[in-house]
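Chain residues, written in single-letter form:
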Amino acid sequence: MSEKVAIAFHEKMKQYDLGEGHPYRGDRFENAIIFFKSQGLFNLPSVLEIKPQPASQEDLFRVHERNYVERIFRLAKEGKPYDFETPVSEKILEAALLVTGAALDCGRLVLDGKVRRAVALGGGYHHAGRGYGGGFCLFNDIAVLIEFLRTKYGLKRFLVLDYDVHFGNGTSDIYYGDPSVLYISVHQDPRTLYPGKGFIHEVGEGAGEGFNVNVPLPPGTADGSYLYALEEVFVPLAEEFKPDVIIGNGGSDPHFADSLGDLNLSTKGFFRLSCLIRKTAERVCDSRLVLMVGSGYNPLVLPPCWYALAAGVVGLKEIAVEEQYPVPQEPPHCHRTVEKTVDELKRLLRKYWSCFGGFGINVVP
Ligand SMILES: [Zn+2]
């Protein structure tokens, strides 16, 4: 088994540029790569830089409705937006297919044993559902990766840890009734942020009941409370569910200086988060991990945060990154609120999971 870690990036990803004045600009990818290089990440013998191939329509059809995909391709040709904040063009479409292809290439390399873990730069378009886009997202590359791994490699159990500051309504919708995908989303309280969903009582439906786990955090939540929630929810669930692979998604938008969210993670907090995901993957799924890193709306903090996430996957022991702004204190009520949310969530999920005191009746054999 290779000890290498792949980082997938294509220079054409910069075409995913939603325009002047839009928070999602295409320079994010190159700025991140420049920062990675300044830290010597690509000089490490374990790091393999790969240039992804674009995803095909066939890959998209495993998840998305045919007429939705055809509509996006048509809008791209006409240069018309999908909605007011999600423009589409031939260039954006080409970049979206490369971003999705990066996830597929990462999954392929991990499953073929060519690398142990992988980082798909630009990935994590979690607001896209089977038949809709929005929130800057066209194709749900997380689900496209899952269905690729299911079809081509016969994987049966997938754990998605969505640590983006926003709730991933698209991913959640796609797998709401599916017990083969345990979707855990840690995000800012949806009463205070787009898309306004992702409450703890949304636990999935039918056979998928108990397999959708939302951990909403109050604005201001900082490293300690954030990691506490992960240790209490993500780690025991991962150990009980025993996925074939862990897929993480999220960029720098939970950072305290991000312009869209109000969580208070520090750059070091991202590193600790990423190390926790890597160590959990080592224990529960033979290290198989793909991290999809795409969001972030403060261009000053995006490169170091993406670096912190990538460095955790690579397995660095520490990072030397200066914070760009003074680190704020967590508001005094935050930790107590997080504890209460975690306790209530465990009570709600108890009947599905023995790690929370139940019998684990829903676990797929
Ligand atoms: Zn986000």
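A short tour of the structure in this document, coming up. Just so we're clear, the structure is a prediction, and the values are computed from it rather than from any experiment.

1. Section: the pattern of salt bridges
At step 1: Under the criterion given, the structure shown has 17 salt bridges.
At step 2: One salt bridge in this structure joins Glu239 and Arg283, with 2.7 Å as the shortest N-O distance. In this pair, Glu239 sits in helix α7 (residues 223-241) while Arg283 sits in helix α8 (residues 267-284), placing the two residues 44 residues apart along the sequence.
At step 3: Judged by its relative accessible area of 34%, Glu239 falls in the partly exposed class.

2. Here we look at the packing of aromatic side chains
Two measures describe an aromatic ring pair: the distance that separates the ring centres and the angle between the ring planes.
At step 1: Per the stated rule, a full pass over the model turns up 16 aromatic pairs.
At step 2: Arranged with centres 5.4 Å apart and planes meeting at 65°, the rings of Tyr16 and Tyr24 form a pair that is edge-to-face.
At step 3: For Tyr24, a relative accessible area of 2% gives the class buried.
At step 4: Relative accessible area serves as the criterion here: at 1%, Tyr16 is assigned to the buried category.
At step 5: Ring-pair connections join several aromatic residues into one group, and the members of that group are Tyr16, Tyr24, Tyr125, Phe136 and Tyr297.
At step 6: In this arrangement the basic side chain of Arg157 is found over the ring face of Phe241, its NZ or CZ atom lying 4.8 Å from the centre.

3. A short note on the coordination of the zinc ion
At step 1: Taken together, the protein ligands of the zinc ion are Asp164 (OD), Asp164 (OD), His166 (ND1) and Asp253 (OD), with distances of 1.9 to 2.8 Å.
At step 2: For the zinc ion, the four donor atoms are set out with angles of 52 to 150° between them, so the coordination reads as irregular.
At step 3: Mapped onto the sequence, the donors of the zinc ion take the spacing D-x1-H-x86-D. Of this pair, His166 sits in the loop between β4 (158-162) and α6 (169-174) while Asp253 sits in the loop between β7 (245-249) and α8, and the two are 87 residues apart along the sequence.

4. Considering the side chain of Ser252
At step 1: Take Ser252: it is sitting in the loop between β7 and α8.
At step 2: Those residues in contact with Ser252 that lie beyond four places of it in its chain are Asp258, Phe270, Ser295, Gly296, Val301, Leu302, Cys305 and Trp306.

5. Thoughts on the pairing of β7
At step 1: By the criterion of burial, β7 is predominantly enclosed, with five of the five residues buried.
At step 2: Where burial is concerned, the two faces of β7 agree: the one with Val245, Ile247 and Asn249 and the one with Ile246 and Gly248 are both buried.
At step 3: Bridge count between β4 and β7: five bridges; the pairing is parallel. Bridged to Phe158 within β7 is Val245.
At step 4: By the bridge criterion, four bridges tie β7 to strand β8 (residues 289-293) in an arrangement that is parallel.

About the thresholds
- Residues numbered from 1 in each chain as written.
- Predicted model: local features only at pLDDT ≥ 70, side-chain atom pairs only at ≥ 80, totals over all residues.
- Heavy atoms only, no water.
- Salt bridge = Lys/Arg side-chain N within 4 Å of Asp/Glu carboxyl O.
- Helix = DSSP H or I, 4+ residues; strand = E, 2+ residues; numbered from the N terminus.
- Buried < 20%, exposed > 50% of the residue type's maximum accessible area, 1.4 Å probe, protein only.
- Phe/Tyr/Trp six-rings, centres within 6.5 Å; stacked < 30°, edge-to-face > 60°.
- Lys NZ or Arg CZ within 6 Å of the ring centre and 35° of its normal.
- Donors = N, O, S within 2.8 Å, 3.2 Å for Na, K, Ca; no water.
- Tetrahedral: all angles 85-135°; square planar, octahedral: opposite > 155°, others 65-115°.
- Contact = heavy atoms within 4.5 Å.
- Pairing = 2+ DSSP bridges.

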